[in-house]
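Listed below are the residues making up each chain.
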Amino acid sequence: MNVKRIYIKQICALIVMFILLSHAAIVFEHFLPLAIFFSAARYLCFICVAVVYLKQPKFSWFEGLWLIFFVWLLLTTILGRGVVAHVIGSAIDLSILMMMFNIYRDDLQILLKAILVVLSFYIYLNFLLLIKYPLGIWIDPISLNGYYLLSGNYNGMGARFICAMTTNLILIRYNKNVFYRFNFILLIVISFGSALIVGSMTTLASMLILLILWMCAKSKQHKKVVIAFFILYIVVQIVVVFTLSDLSNSKLVVYIVQNIMHKNLTFTSRSFLWANSADLIAQSPFLGYGFQDKVWNALHMNGPGAHNFVYTILLYGGFPLLILFISIIIYSIRRAYHSGETDNVLSYIFMGTNVLFFMMIFEYYTFFLIAYMILLINFYPEIRRNGIENG
(Lines give C-alpha, C1' and ligand atoms only; values in the text may rest on other atoms or scores of the structure.)
Protein backbone atom coordinates (compact mmCIF):
# COMPACT_ATOMS: atom_id res chain seq x y z
CA MET A 1 0.00 0.00 0.00
CA ASN A 2 1.50 3.34 -1.05
CA VAL A 3 1.98 6.20 1.41
CA LYS A 4 -0.72 8.41 -0.13
CA ARG A 5 -3.34 5.67 0.18
CA ILE A 6 -2.36 5.04 3.80
CA TYR A 7 -2.80 8.73 4.64
CA ILE A 8 -6.22 8.77 2.96
CA LYS A 9 -7.34 5.70 4.93
CA GLN A 10 -6.04 7.24 8.17
CA ILE A 11 -7.85 10.53 7.57
CA CYS A 12 -11.10 8.80 6.60
CA ALA A 13 -10.97 6.54 9.67
CA LEU A 14 -10.29 9.52 11.93
CA ILE A 15 -13.16 11.59 10.52
CA VAL A 16 -15.70 8.76 10.70
CA MET A 17 -14.65 7.71 14.22
CA PHE A 18 -14.67 11.31 15.46
CA ILE A 19 -18.24 11.81 14.25
CA LEU A 20 -19.42 8.39 15.41
CA LEU A 21 -17.84 8.49 18.87
CA SER A 22 -18.88 12.12 19.38
CA HIS A 23 -22.47 10.98 18.97
CA ALA A 24 -22.39 7.53 20.53
CA ALA A 25 -19.99 7.96 23.47
CA ILE A 26 -20.16 11.66 24.37
CA VAL A 27 -23.11 13.53 25.89
CA PHE A 28 -23.97 16.86 24.26
CA GLU A 29 -27.46 16.96 25.75
CA HIS A 30 -27.12 20.56 26.91
CA PHE A 31 -25.13 21.65 23.85
CA LEU A 32 -27.99 21.41 21.38
CA PRO A 33 -26.16 22.73 18.26
CA LEU A 34 -23.38 20.15 18.69
CA ALA A 35 -25.87 17.38 19.41
CA ILE A 36 -27.80 18.17 16.22
CA PHE A 37 -24.61 18.45 14.16
CA PHE A 38 -23.15 15.09 15.21
CA SER A 39 -26.52 13.36 14.94
CA ALA A 40 -26.97 14.60 11.37
CA ALA A 41 -23.32 13.97 10.46
CA ARG A 42 -23.50 10.36 11.54
CA TYR A 43 -26.36 9.72 9.09
CA LEU A 44 -24.14 11.11 6.33
CA CYS A 45 -21.35 8.83 7.60
CA PHE A 46 -23.70 5.86 7.42
CA ILE A 47 -24.45 6.55 3.74
CA CYS A 48 -20.79 7.08 2.80
CA VAL A 49 -19.53 4.05 4.72
CA ALA A 50 -22.33 1.86 3.34
CA VAL A 51 -21.40 2.83 -0.25
CA VAL A 52 -17.80 1.72 0.33
CA TYR A 53 -18.82 -1.40 2.26
CA LEU A 54 -21.29 -2.58 -0.39
CA LYS A 55 -18.52 -2.66 -3.01
CA GLN A 56 -17.08 -5.67 -1.18
CA PRO A 57 -19.66 -6.67 1.43
CA LYS A 58 -18.70 -9.19 4.10
CA PHE A 59 -21.63 -10.74 5.94
CA SER A 60 -21.19 -13.53 8.48
CA TRP A 61 -23.21 -15.03 11.30
CA PHE A 62 -21.81 -12.26 13.50
CA GLU A 63 -23.51 -9.52 11.50
CA GLY A 64 -26.57 -11.74 11.02
CA LEU A 65 -27.06 -12.23 14.76
CA TRP A 66 -26.76 -8.50 15.37
CA LEU A 67 -29.36 -7.89 12.65
CA ILE A 68 -31.80 -10.32 14.29
CA PHE A 69 -31.03 -8.74 17.67
CA PHE A 70 -32.04 -5.26 16.51
CA VAL A 71 -35.05 -6.50 14.52
CA TRP A 72 -36.37 -8.20 17.67
CA LEU A 73 -35.60 -5.10 19.78
CA LEU A 74 -37.40 -2.91 17.24
CA LEU A 75 -40.42 -5.23 17.28
CA THR A 76 -40.66 -5.28 21.08
CA THR A 77 -40.26 -1.49 21.20
CA ILE A 78 -43.06 -0.98 18.67
CA LEU A 79 -45.33 -3.38 20.56
CA GLY A 80 -44.43 -1.71 23.85
CA ARG A 81 -44.94 1.76 22.37
CA GLY A 82 -41.40 2.68 23.30
CA VAL A 83 -38.81 4.99 21.78
CA VAL A 84 -38.39 3.57 18.27
CA ALA A 85 -36.06 6.39 17.17
CA HIS A 86 -33.50 5.41 19.79
CA VAL A 87 -33.45 1.79 18.63
CA ILE A 88 -32.99 2.82 14.99
CA GLY A 89 -30.27 5.29 15.97
CA SER A 90 -28.40 2.65 17.98
CA ALA A 91 -28.65 0.21 15.06
CA ILE A 92 -27.20 2.84 12.71
CA ASP A 93 -24.31 3.60 15.09
CA LEU A 94 -23.42 -0.07 15.45
CA SER A 95 -23.84 -0.67 11.70
CA ILE A 96 -21.29 2.06 10.94
CA LEU A 97 -18.84 0.55 13.42
CA MET A 98 -19.23 -3.00 12.05
CA MET A 99 -18.91 -1.82 8.45
CA MET A 100 -15.75 0.10 9.36
CA PHE A 101 -14.27 -3.02 10.98
CA ASN A 102 -15.00 -4.96 7.80
CA ILE A 103 -13.71 -2.23 5.47
CA TYR A 104 -10.48 -1.98 7.49
CA ARG A 105 -10.28 -5.73 8.04
CA ASP A 106 -6.74 -5.82 6.59
CA ASP A 107 -5.75 -2.50 8.21
CA LEU A 108 -7.31 -2.65 11.65
CA GLN A 109 -4.28 -0.94 13.18
CA ILE A 110 -5.36 2.23 11.34
CA LEU A 111 -8.91 2.00 12.65
CA LEU A 112 -7.86 1.23 16.24
CA LYS A 113 -5.44 4.19 16.18
CA ALA A 114 -8.28 6.48 15.08
CA ILE A 115 -10.54 5.17 17.86
CA LEU A 116 -7.79 5.63 20.45
CA VAL A 117 -7.04 9.19 19.33
CA VAL A 118 -10.71 10.24 19.55
CA LEU A 119 -11.37 8.55 22.91
CA SER A 120 -8.14 9.93 24.39
CA PHE A 121 -9.01 13.44 23.18
CA TYR A 122 -12.39 13.35 24.90
CA ILE A 123 -11.01 11.79 28.10
CA TYR A 124 -8.39 14.54 28.37
CA LEU A 125 -10.91 17.27 27.49
CA ASN A 126 -13.31 15.89 30.08
CA PHE A 127 -10.56 15.99 32.70
CA LEU A 128 -9.83 19.67 31.97
CA LEU A 129 -13.55 20.43 32.30
CA LEU A 130 -13.63 18.47 35.57
CA ILE A 131 -10.92 20.69 37.01
CA LYS A 132 -12.98 23.77 36.22
CA TYR A 133 -16.42 22.24 36.86
CA PRO A 134 -15.92 19.40 39.39
CA LEU A 135 -19.63 19.26 40.21
CA GLY A 136 -20.62 18.98 36.56
CA ILE A 137 -20.81 21.13 33.42
CA TRP A 138 -24.51 21.53 34.09
CA ILE A 139 -26.78 20.69 37.03
CA ASP A 140 -30.14 19.00 36.75
CA PRO A 141 -32.65 21.43 38.37
CA ILE A 142 -34.80 18.57 39.71
CA SER A 143 -32.33 15.94 40.94
CA LEU A 144 -29.50 18.48 41.49
CA ASN A 145 -27.10 15.88 40.03
CA GLY A 146 -24.11 17.09 38.04
CA TYR A 147 -23.65 15.98 34.43
CA TYR A 148 -20.42 15.66 32.48
CA LEU A 149 -19.19 15.67 28.90
CA LEU A 150 -17.79 12.14 28.83
CA SER A 151 -20.87 10.25 29.90
CA GLY A 152 -23.48 12.52 31.39
CA ASN A 153 -23.74 10.74 34.73
CA TYR A 154 -20.39 10.35 36.52
CA ASN A 155 -20.77 6.56 36.80
CA GLY A 156 -20.56 6.18 33.02
CA MET A 157 -17.00 7.47 32.68
CA GLY A 158 -15.47 4.11 33.59
CA ALA A 159 -16.82 2.43 30.45
CA ARG A 160 -15.07 5.02 28.26
CA PHE A 161 -11.84 4.61 30.21
CA ILE A 162 -11.89 0.81 29.77
CA CYS A 163 -12.54 1.01 26.01
CA ALA A 164 -9.71 3.51 25.54
CA MET A 165 -7.18 1.65 27.70
CA THR A 166 -7.99 -1.72 26.12
CA THR A 167 -7.52 -0.27 22.63
CA ASN A 168 -4.27 1.37 23.71
CA LEU A 169 -2.96 -1.88 25.22
CA ILE A 170 -3.64 -3.74 21.95
CA LEU A 171 -1.65 -1.14 20.02
CA ILE A 172 1.23 -1.31 22.52
CA ARG A 173 1.45 -5.07 22.04
CA TYR A 174 1.87 -4.80 18.26
CA ASN A 175 3.70 -1.47 17.95
CA LYS A 176 7.07 -0.19 19.11
CA ASN A 177 6.01 3.46 18.88
CA VAL A 178 6.70 5.11 22.24
CA PHE A 179 3.57 7.27 21.85
CA TYR A 180 1.30 4.36 22.76
CA ARG A 181 3.19 3.61 25.97
CA PHE A 182 3.18 7.27 26.98
CA ASN A 183 -0.52 7.63 26.16
CA PHE A 184 -1.38 4.47 28.12
CA ILE A 185 0.32 5.80 31.25
CA LEU A 186 -1.37 9.18 30.80
CA LEU A 187 -4.75 7.51 30.30
CA ILE A 188 -4.34 5.60 33.56
CA VAL A 189 -3.39 8.74 35.50
CA ILE A 190 -6.16 10.87 33.99
CA SER A 191 -8.77 8.13 34.38
CA PHE A 192 -7.98 7.58 38.06
CA GLY A 193 -7.81 11.36 38.58
CA SER A 194 -11.21 11.84 36.93
CA ALA A 195 -12.79 9.07 39.03
CA LEU A 196 -11.38 10.61 42.21
CA ILE A 197 -12.73 14.06 41.35
CA VAL A 198 -16.29 12.83 40.73
CA GLY A 199 -16.09 10.28 43.55
CA SER A 200 -16.95 7.16 41.54
CA MET A 201 -15.79 4.31 43.77
CA THR A 202 -17.20 1.75 41.30
CA THR A 203 -14.95 3.13 38.55
CA LEU A 204 -11.89 3.33 40.81
CA ALA A 205 -12.30 -0.21 42.12
CA SER A 206 -13.01 -1.65 38.66
CA MET A 207 -10.01 0.02 37.01
CA LEU A 208 -7.76 -1.15 39.82
CA ILE A 209 -9.04 -4.70 39.35
CA LEU A 210 -8.51 -4.41 35.59
CA LEU A 211 -4.90 -3.26 35.95
CA ILE A 212 -4.20 -6.20 38.28
CA LEU A 213 -5.83 -8.58 35.78
CA TRP A 214 -3.77 -7.14 32.92
CA MET A 215 -0.59 -7.72 34.92
CA CYS A 216 -1.72 -11.33 35.41
CA ALA A 217 -2.20 -11.60 31.64
CA LYS A 218 1.58 -11.59 31.25
CA SER A 219 1.82 -14.90 33.08
CA LYS A 220 1.42 -18.33 31.51
CA GLN A 221 -1.81 -18.82 33.47
CA HIS A 222 -3.61 -15.86 31.87
CA LYS A 223 -6.40 -18.05 30.44
CA LYS A 224 -7.16 -19.44 33.90
CA VAL A 225 -7.28 -15.90 35.29
CA VAL A 226 -9.86 -14.97 32.62
CA ILE A 227 -12.02 -17.99 33.49
CA ALA A 228 -11.72 -17.39 37.25
CA PHE A 229 -12.83 -13.76 36.98
CA PHE A 230 -15.72 -14.70 34.70
CA ILE A 231 -16.90 -17.24 37.31
CA LEU A 232 -16.66 -14.49 39.95
CA TYR A 233 -18.84 -12.26 37.76
CA ILE A 234 -21.48 -14.98 37.41
CA VAL A 235 -21.49 -15.67 41.16
CA VAL A 236 -21.88 -11.99 42.10
CA GLN A 237 -24.59 -11.52 39.45
CA ILE A 238 -26.59 -14.45 40.86
CA VAL A 239 -26.03 -13.91 44.57
CA VAL A 240 -26.28 -10.13 44.72
CA VAL A 241 -28.81 -9.40 41.95
CA PHE A 242 -30.90 -12.43 41.03
CA THR A 243 -31.39 -13.89 44.51
CA LEU A 244 -31.06 -10.57 46.40
CA SER A 245 -29.24 -12.41 49.18
CA ASP A 246 -28.82 -10.84 52.60
CA LEU A 247 -25.19 -9.70 52.55
CA SER A 248 -25.14 -8.35 56.10
CA ASN A 249 -24.00 -11.72 57.45
CA SER A 250 -20.63 -11.44 55.70
CA LYS A 251 -18.24 -9.07 57.43
CA LEU A 252 -15.94 -9.00 54.40
CA VAL A 253 -18.77 -8.05 52.03
CA VAL A 254 -20.06 -5.41 54.45
CA TYR A 255 -16.57 -3.91 54.70
CA ILE A 256 -16.06 -3.85 50.91
CA VAL A 257 -19.49 -2.37 50.17
CA GLN A 258 -19.55 0.22 52.95
CA ASN A 259 -15.89 1.15 53.43
CA ILE A 260 -14.40 0.72 49.95
CA MET A 261 -17.35 1.28 47.62
CA HIS A 262 -19.00 3.76 50.02
CA LYS A 263 -22.46 2.29 49.40
CA ASN A 264 -25.09 0.78 51.66
CA LEU A 265 -26.15 -2.87 51.44
CA THR A 266 -28.97 -1.95 49.04
CA PHE A 267 -26.26 -0.55 46.74
CA THR A 268 -27.85 2.92 46.87
CA SER A 269 -31.39 1.47 46.48
CA ARG A 270 -30.42 -0.62 43.45
CA SER A 271 -31.79 -3.75 45.11
CA PHE A 272 -35.29 -2.22 44.97
CA LEU A 273 -34.87 -1.55 41.24
CA TRP A 274 -33.71 -5.14 40.72
CA ALA A 275 -36.77 -6.47 42.56
CA ASN A 276 -39.08 -4.24 40.48
CA SER A 277 -37.31 -5.37 37.30
CA ALA A 278 -37.76 -9.03 38.21
CA ASP A 279 -41.50 -8.46 38.75
CA LEU A 280 -41.90 -6.72 35.37
CA ILE A 281 -39.91 -9.45 33.55
CA ALA A 282 -42.08 -12.16 35.15
CA GLN A 283 -45.13 -10.45 33.61
CA SER A 284 -43.62 -10.38 30.10
CA PRO A 285 -40.71 -12.83 29.87
CA PHE A 286 -40.93 -13.42 26.11
CA LEU A 287 -41.37 -9.91 24.68
CA GLY A 288 -40.21 -7.59 27.42
CA TYR A 289 -41.24 -3.97 26.94
CA GLY A 290 -38.86 -2.58 24.32
CA PHE A 291 -36.71 0.49 24.83
CA GLN A 292 -38.56 2.93 27.07
CA ASP A 293 -37.89 6.50 28.24
CA LYS A 294 -37.33 7.88 31.75
CA VAL A 295 -41.03 8.61 32.25
CA TRP A 296 -41.99 4.96 31.64
CA ASN A 297 -39.21 3.78 33.98
CA ALA A 298 -40.34 6.17 36.70
CA LEU A 299 -43.97 5.01 36.43
CA HIS A 300 -43.30 1.27 36.20
CA MET A 301 -40.06 0.87 38.14
CA ASN A 302 -40.02 3.81 40.53
CA GLY A 303 -36.55 4.66 39.24
CA PRO A 304 -34.42 5.60 36.23
CA GLY A 305 -33.94 2.02 35.03
CA ALA A 306 -32.83 -1.47 36.05
CA HIS A 307 -29.22 -0.46 36.85
CA ASN A 308 -28.15 -3.93 35.73
CA PHE A 309 -27.22 -5.08 32.24
CA VAL A 310 -28.92 -8.49 32.28
CA TYR A 311 -32.17 -7.10 33.66
CA THR A 312 -32.03 -4.24 31.14
CA ILE A 313 -31.75 -6.66 28.20
CA LEU A 314 -34.61 -8.75 29.60
CA LEU A 315 -36.76 -5.65 29.95
CA TYR A 316 -35.92 -4.62 26.38
CA GLY A 317 -36.76 -7.91 24.68
CA GLY A 318 -37.31 -10.72 27.14
CA PHE A 319 -35.35 -13.98 27.13
CA PRO A 320 -35.14 -14.16 23.29
CA LEU A 321 -33.11 -10.94 23.25
CA LEU A 322 -30.84 -12.18 26.05
CA ILE A 323 -30.31 -15.49 24.21
CA LEU A 324 -29.43 -13.58 21.02
CA PHE A 325 -26.91 -11.46 22.90
CA ILE A 326 -25.29 -14.49 24.53
CA SER A 327 -25.17 -16.16 21.09
CA ILE A 328 -23.27 -13.15 19.70
CA ILE A 329 -20.70 -13.41 22.48
CA ILE A 330 -20.30 -17.18 22.07
CA TYR A 331 -19.87 -16.82 18.30
CA SER A 332 -17.19 -14.14 18.82
CA ILE A 333 -15.28 -16.21 21.36
CA ARG A 334 -15.39 -19.32 19.15
CA ARG A 335 -14.17 -17.32 16.17
CA ALA A 336 -11.32 -15.81 18.20
CA TYR A 337 -10.11 -19.18 19.49
CA HIS A 338 -10.66 -21.14 16.27
CA SER A 339 -8.49 -18.73 14.30
CA GLY A 340 -5.35 -20.65 15.17
CA GLU A 341 -2.66 -19.36 17.50
CA THR A 342 -3.64 -16.85 20.18
CA ASP A 343 -1.59 -14.60 22.44
CA ASN A 344 -2.19 -12.68 25.65
CA VAL A 345 -3.80 -9.80 23.69
CA LEU A 346 -6.97 -11.88 23.56
CA SER A 347 -6.82 -12.14 27.35
CA TYR A 348 -6.38 -8.36 27.56
CA ILE A 349 -9.58 -7.93 25.56
CA PHE A 350 -11.45 -10.59 27.56
CA MET A 351 -10.40 -8.99 30.85
CA GLY A 352 -11.44 -5.52 29.72
CA THR A 353 -14.81 -6.85 28.54
CA ASN A 354 -15.31 -8.89 31.70
CA VAL A 355 -14.60 -5.90 33.98
CA LEU A 356 -17.03 -3.82 31.92
CA PHE A 357 -19.73 -6.45 32.50
CA PHE A 358 -18.75 -6.67 36.17
CA MET A 359 -19.37 -2.91 36.46
CA MET A 360 -22.71 -3.42 34.74
CA ILE A 361 -23.91 -5.56 37.61
CA PHE A 362 -24.64 -2.18 39.17
CA GLU A 363 -24.93 0.07 36.09
CA TYR A 364 -25.94 0.09 32.43
CA TYR A 365 -23.73 1.83 29.87
CA THR A 366 -24.42 2.91 26.32
CA PHE A 367 -24.81 -0.18 24.17
CA PHE A 368 -22.34 1.11 21.60
CA LEU A 369 -19.39 0.69 23.98
CA ILE A 370 -20.48 -2.83 24.94
CA ALA A 371 -20.72 -3.78 21.27
CA TYR A 372 -17.29 -2.28 20.59
CA MET A 373 -15.61 -4.59 23.10
CA ILE A 374 -17.39 -7.60 21.56
CA LEU A 375 -16.21 -6.47 18.11
CA LEU A 376 -12.63 -6.54 19.40
CA ILE A 377 -13.13 -10.18 20.39
CA ASN A 378 -14.73 -11.12 17.07
CA PHE A 379 -12.04 -9.40 14.99
CA TYR A 380 -9.15 -10.56 17.17
CA PRO A 381 -7.78 -12.86 14.40
CA GLU A 382 -7.51 -9.88 12.03
CA ILE A 383 -6.12 -7.62 14.77
CA ARG A 384 -3.40 -10.16 15.58
CA ARG A 385 -2.51 -10.90 11.96
CA ASN A 386 -2.42 -7.21 11.04
CA GLY A 387 -0.43 -6.39 14.16
CA ILE A 388 2.21 -9.05 13.49
CA GLU A 389 2.53 -8.01 9.83
CA ASN A 390 3.00 -4.34 10.69
CA GLY A 391 4.68 -4.62 14.07
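Here the structure is shown first, and the text comes after it.
Residues numbered from 1 in each chain as written. Predicted model: local features only at pLDDT ≥ 70, side-chain atom pairs only at ≥ 80, totals over all residues. Heavy atoms only, no water.

**Description of the environment of Ser22**
Step number 1: Residue placement: Ser22 occurs in helix H1 (residues 3–24).
Step number 2: The spatial distance from the C-alpha of Ser22 to the C-alpha of Tyr43 is 13 Å, given a sequence separation of 21 residues.
Step number 3: Within the structure, Ser22 has its side chain in polar contact with the side chain of Tyr122 (distance 2.6 Å). (Helix = DSSP H or I, 4+ residues; strand = E, 2+ residues; numbered from the N terminus. Polar contact = N/O pair within 3.5 Å; in protein donor to acceptor, adjacent residues only side chain to side chain.)

**Quick look at helix H14 (residues 344–359)**
Step number 1: Between its terminal C-alpha atoms H14 stretches 23 Å, which fits the 22 Å expected from 16 residues at 1.5 Å a residue.
Step number 2: The element H14 is extensively covered by neighbouring structure, given that 16 of its 16 residues are classed as buried. (Expected span 1.5 Å × (residues − 1). Buried < 20%, exposed > 50% of the residue type's maximum accessible area, 1.4 Å probe, protein only.)

**Focus on the packing of aromatic side chains**
Step number 1: All chains considered together, the criterion is met by 32 aromatic pairs.
Step number 2: Ring plane angle 70 degrees and centroid distance 5.4 Å describe the contact between Phe179 and Tyr180, whose orientation is recorded as edge-to-face.
Step number 3: Positioned over the ring face of Phe379 is Arg335, at 5.9 Å from the centre of the ring. (Phe/Tyr/Trp six-rings, centres within 6.5 Å; stacked < 30°, edge-to-face > 60°. Lys NZ or Arg CZ within 6 Å of the ring centre and 35° of its normal.)

**Structural notes on the pattern of salt bridges**
Step number 1: Counting across every chain of the model gives 7 salt bridges.
Step number 2: Residue Asp93 pairs with Arg42 through a salt bridge whose shortest N-O separation is 2.8 Å. Placement of Asp93 in helix H4 (residues 84–103) and of Arg42 in helix H2 (residues 32–53) is noted, with a sequence separation of 51 residues between them. This pair shows no difference in class: Asp93 is buried, exactly as Arg42 is.
Step number 3: Notably, a salt bridge pairs Arg335 with Glu382, separated by 2.6 Å at the nearest N-O pair. Placement of Arg335 in helix H13 (residues 309–337) and of Glu382 in helix H16 (residues 380–390) is noted, with a sequence separation of 47 residues between them. (Salt bridge = Lys/Arg side-chain N within 4 Å of Asp/Glu carboxyl O.)

**Some details on a nonpolar patch on the surface**
Step number 1: Nonpolar side chains collect at one region of the surface, where Ile227, Phe230, Ile231, Ile234, Val235, Ile238, Val239 and Phe242 lie side by side and expose about 670 Å² of accessible area between them.
Step number 2: Position of Ile227 among the secondary structure elements: in helix H9 (residues 222–242). (Patch = residues over 30% accessible without salt bridge, like charges linked within 9 Å, V, L, I, M, F, W, Y side chains within 5 Å. Areas by Shrake-Rupley, 256 points an atom, 1.4 Å probe, with all protein chains shown as cover.)

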